[in-house]
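One-letter residues, chain by chain:
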Amino acid sequence: MHFLGALGVALTASLGTGAVTVPSTPPSSAQSVDKSILSVSLEFFAFPGYTQLEATNNCLANIATLRGAPPAVRIGGTTQDRATYDPSLSSAVNYTVANPGDAPSTLTYGPSFFTLASQLRGDVTVGLNRQLNNQNASLQAAIKAKQTMPNLFALELGNEPEFYASNSPIIPSGQKWSTDLDAASEKAWFQAFSPSVGNIFQGAVYLSWNAAGLLTRIGSDGISFLKSISRHSYPQSACGGASTNLPNLMSHSGIVSYTRQYQSEATSVHAAGLRYFLAETNSATCGGGGISPTFGAALWIIDYVLQGALNGVERLYFHQGTIGNCAYCFWGTSSIFTPYYGVAFVSEFFGTDGVRVAMLDDGTSAIGVYAVYSASNVPVRLLVINSNYFDGTGTRATTSVSLTGLTTSTETTKAKRLTAPNATSRSDQGAAVTIGGSTSFTSTCTRSGTQNLEDVSVSGGAATVSLQASEALIVYL
Ligand SMILES: *[C@@H]1O[C@H](CO)[C@@H](O)[C@H](O)[C@H]1NC(C)=O
Ligand SMILES: *[C@@H]1O[C@H](CO)[C@@H](O)[C@H](O)[C@H]1NC(C)=O
Ligand SMILES: *[C@@H]1O[C@H](CO)[C@@H](O)[C@H](O)[C@H]1NC(C)=O
């Protein structure tokens, strides 16, 4: 048995030259998967609006059904640092914008904001304002959140402080904002809030600064105020006219190397006894550069969430921005967007019984192969992803993947396919993006259609599956 196990690992080191062997127990590289690994972040000012959409509840409920636990929600983003709590405001938020697609430059919010947040099913993290240096207003909000929300997981104080303008009120006059000044500021605020709400903070909330650096700067007495560390992550940006690239976004080997950057940070955060999240993430900032609403982005989500888990990221909170003006969103007022198909597919792969995941390929090719293991340490499903880019022109190549070491006792097993006409396809533009041959979701995110399974022949513990370029497949063991 030992010898076979070692041989299995050796064979999985490459793909294309031989079969991928499925270890019968989790290999040492396997990592645990949080029940809420696929979570969402809702832009602060838009949160009350999201609660008015039927799709919000249904899209979150679908994930909960597939995983057996609700996704966590983080309410925050740029507008958390523009918002001021007003305890006498009767509406949840108040602001004016010139165009419905704009985000407000200033806003107020009231106690009913937290009543709405208390109705979410999973853990909820609320991001409060630090940038405006109105500590009393944010403290009153924190106290209200704590009183109102039994589901309150953590509070953030400030969002991406590295981008605070030099004239931000929080920056002491005459001083240059830095990681050191921010850490001292975060710690002072945790200290000021903690007697009223407890040690329930999510620290860092950095995009470009190393989040583990905060822990060194605030020391163990500062760490004691924290529950979790948040890092933000967007693999691409369309800001300032920067160009985006869909083949790069969805590339399996590209995702493997991109996501590895978080591993050492996760290790440091876990060593400090805290939880580590990418608490705001999505594909491309500043309008998505045309790539964010596509089928390729749905495939990216699958591989990225899996690589997150393998690198110690416990949850990835996919950001949902301005309703009706959000290229990477999962849903809107009248459509379910293509990335959500990736969300549903990877959630189905994890299932209600998946607790540990392993990558079985070596991460250097376009083909990813993953196994998910149950609590009794048996592989329950495989996921194969062909990240070769097919844009609709030319011939769509097919790759065969041989799997060995399958312990299924039957001669046939089942598989379910995620596909679309090509990587640029968009369900909101009528393209046939399908799971098991079905379009799967109504405009309010209830399940529709019948998903069909394919037969996969198994002989002597071996099977071969075929995937076209830009497709993914779940094999049920
Ligand atoms: C709502 O905000 C507008 C400015 O955007 C302000 O004129 C109005 O008084 C505010 N309403 C309340 C109830 O605070
Ligand atoms: C703090 O804010 C609350 C609520 O807005 C207000 O009632 C109170 O007067 C403020 N306290 C101070 C010291 O500003
Ligand atoms: C890709 O698929 C979409 C339909 O989803 C189609 O409209 C588009 O023309 C295809 N691209 C090419 C280059 O054929």
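Residues numbered from 1 in each chain as written. Chains lettered and ligands numbered in written order. Predicted model: local features only at pLDDT ≥ 70, side-chain atom pairs only at ≥ 80, totals over all residues. Heavy atoms only, no water.

Participant: Let's hear about the state of the cysteines: which residues, and what values?
Facilitator: Under the definition given, this model contains 3 disulfides. Sulfur-sulfur distance for the disulfide between Cys 239 and Cys 286 comes to 2.0 Å. The S-S bond linking Cys 239 to Cys 286 shows a torsion near 90°; that makes this disulfide right-handed. Of the two residues, Cys 239 sits in the loop between strand E12 (236-237) and helix H8 (246-250) while Cys 286 sits in the loop between strand E14 (284-285) and helix H11 (295-310), which places them 47 residues apart along the sequence. Judged by relative accessible area, which is 30%, Cys 239 ranks as partly exposed. Residue pairing for Cys 326: its cysteine sulfur links by disulfide to Cys 329, the two sulfurs lying 2.1 Å apart. Handedness here is read from the sign of the S-S torsion; for Cys 326 and Cys 329, about 85°, the answer is right-handed. Both residues of the pair, Cys 326 and Cys 329, belong to the buried class. In the protein, numbering the disulfide-bonded cysteines from first to last in sequence yields the connectivity 1-6, 2-3, 4-5. (Disulfide = S-S within 2.5 Å. Helix = DSSP H or I, 4+ residues; strand = E, 2+ residues; numbered from the N terminus. Buried < 20%, exposed > 50% of the residue type's maximum accessible area, 1.4 Å probe, protein only.)

Participant: Break down the sheet that holds strand E5 (residues 83-85) for me, with residues and values.
Facilitator: Pairing is mixed across the open sheet formed by 3 strands, whose spatial order is E5-E7-E6. Looking at which strands have only one partner, the edges of the open sheet turn out to be E5 and strand E6 (93-94). Across 2 bridges, E6 lies against strand E7 (residues 107-109) in antiparallel orientation. The residue of E7 that forms the bridge with Asn 94 is Thr 108. This element, helix H5 (residues 135-148), spans E5 and E7 of the sheet and lies at about 65° to E5. (Pairing = 2+ DSSP bridges. Contact = heavy atoms within 4.5 Å. Axes fitted to C-alpha atoms, helices over the stretch in contact; angles between N-to-C directions.)

Participant: Which residues make up the site of ligand 1, and what are the values?
Facilitator: Every residue close to ligand 1 is listed here: Leu 89, Asn 94 and Thr 96. Between ligand 1 and Asn 94 there is a distance of 2.3 Å, counted from an oxygen atom to a side-chain nitrogen or oxygen. One of the side-chain nitrogen or oxygen atoms of Thr 96 is found 3.1 Å away from an oxygen atom of ligand 1. With the chains in place, 34% of the 360 Å² that ligand 1 exposes on its own is no longer accessible. (Near = heavy atom within 4 Å. Polar contact = N/O pair within 3.5 Å; in protein donor to acceptor, adjacent residues only side chain to side chain. Areas by Shrake-Rupley, 256 points an atom, 1.4 Å probe, with all protein chains shown as cover.)

Participant: Now, about the packing of aromatic side chains: what can you tell me, with residues and values included?
Facilitator: Scanning all chains against the criterion turns up 29 aromatic pairs. Seen in terms of ring centroids, Tyr 258 and Tyr 262 are 6.0 Å apart; in terms of plane orientation they differ by 75°. Their pairing is edge-to-face. Under the relative-accessibility criterion, Tyr 262 is labelled buried at 2%. On the numbers, 6.5 Å between centres and 50° between planes, the contact of Phe 330 with Trp 331 is tilted. Trp 331 matches Phe 330 in its accessibility class, with the two residues each being buried. Against the face of Phe 153 rests Lys 227, its NZ or CZ located 4.3 Å from the ring centre. (Phe/Tyr/Trp six-rings, centres within 6.5 Å; stacked < 30°, edge-to-face > 60°. Lys NZ or Arg CZ within 6 Å of the ring centre and 35° of its normal.)

Participant: I'd like to hear about the pattern of salt bridges, residue by residue, with values.
Facilitator: Applying the stated rule across the entire model yields 17 salt bridges. Arg 426 is paired through a salt bridge with Asp 428; the nearest N and O atoms lie 2.7 Å apart. Of the residues examined, Arg 426 reaches a relative accessible area of 24% and is grouped as partly exposed. Here the residues in one salt-bridge network are Asp 34, Asp 123, Arg 275, Glu 314 and Arg 315, joined through shared partners. (Salt bridge = Lys/Arg side-chain N within 4 Å of Asp/Glu carboxyl O.)

Participant: Break down the packing of H5 against helix H6 (residues 179-197) for me, citing the residues and quoting the values.
Facilitator: The description of two helices packed together rests on the angle between their axes and the distance between the axes. Two elements in contact, H5 and H6, have axes separated by 10 Å at closest approach and are oriented at 35°. Along this stretch, H5 crosses H6, giving a crossing that reads as right-handed. Between H5 and H6, the residues in contact are Gln 135, Ser 138, Leu 139, Ala 142, Ile 143 and Lys 146 and Trp 189, Ala 192, Phe 193, Ser 196 and Val 197, respectively. Residues belonging to the contact of H5 with H6 are distributed by class as follows: 7 nonpolar, 3 polar and 1 charged. (Left-handed = near helix turned anticlockwise from the far one by under 90°. Nonpolar A, V, L, I, M, F, W, Y, C, P; charged D, E, K, R; others polar.)

Participant: Any details on unusual backbone geometry? Residues and values, ideally.
Facilitator: You will see that Glu 160, though not glycine, has its phi angle at about 40°, which is positive. Assignment of secondary structure puts Glu 160 in the loop between strand E9 (152-157) and H6. Assessed through its relative accessible area of 13%, Glu 160 is described here as buried. Phi is positive for Cys 445, which is not a glycine, with a value near 75°. Secondary-structure assignment places Cys 445 in the loop between strand E21 (434-435) and strand E22 (454-457).

Participant: Could you give an account of the confidence of the model for the protein, with specific residues and numbers?
Facilitator: Considering every residue of the protein, the mean pLDDT works out to 95; 96% of them sit at 70 or more. Here helix H1 (residues 2-12) stands out as the element of the protein with the lowest mean pLDDT, 32, in contrast to strand E8 (residues 124-128), whose mean of 99 is the highest. Within the model, pLDDT remains below 50 along residues 1-14, and this stretch shows 9 contacts once partners closer than five positions in the same chain are excluded. (pLDDT = per-residue confidence, 0-100.)

Participant: Hey, could you go over the site of ligand 2 for me, with residue numbers and the actual values?
Facilitator: As a structural note, the neighbourhood of ligand 2 is formed by Pro 87, Asn 136 and Gln 140. Contact distances for ligand 2 include 2.3 Å between an oxygen atom and a side-chain N or O atom of Asn 136. Considered on its own, ligand 2 offers 360 Å² of accessible surface; in the complex 32% of this is hidden by protein.

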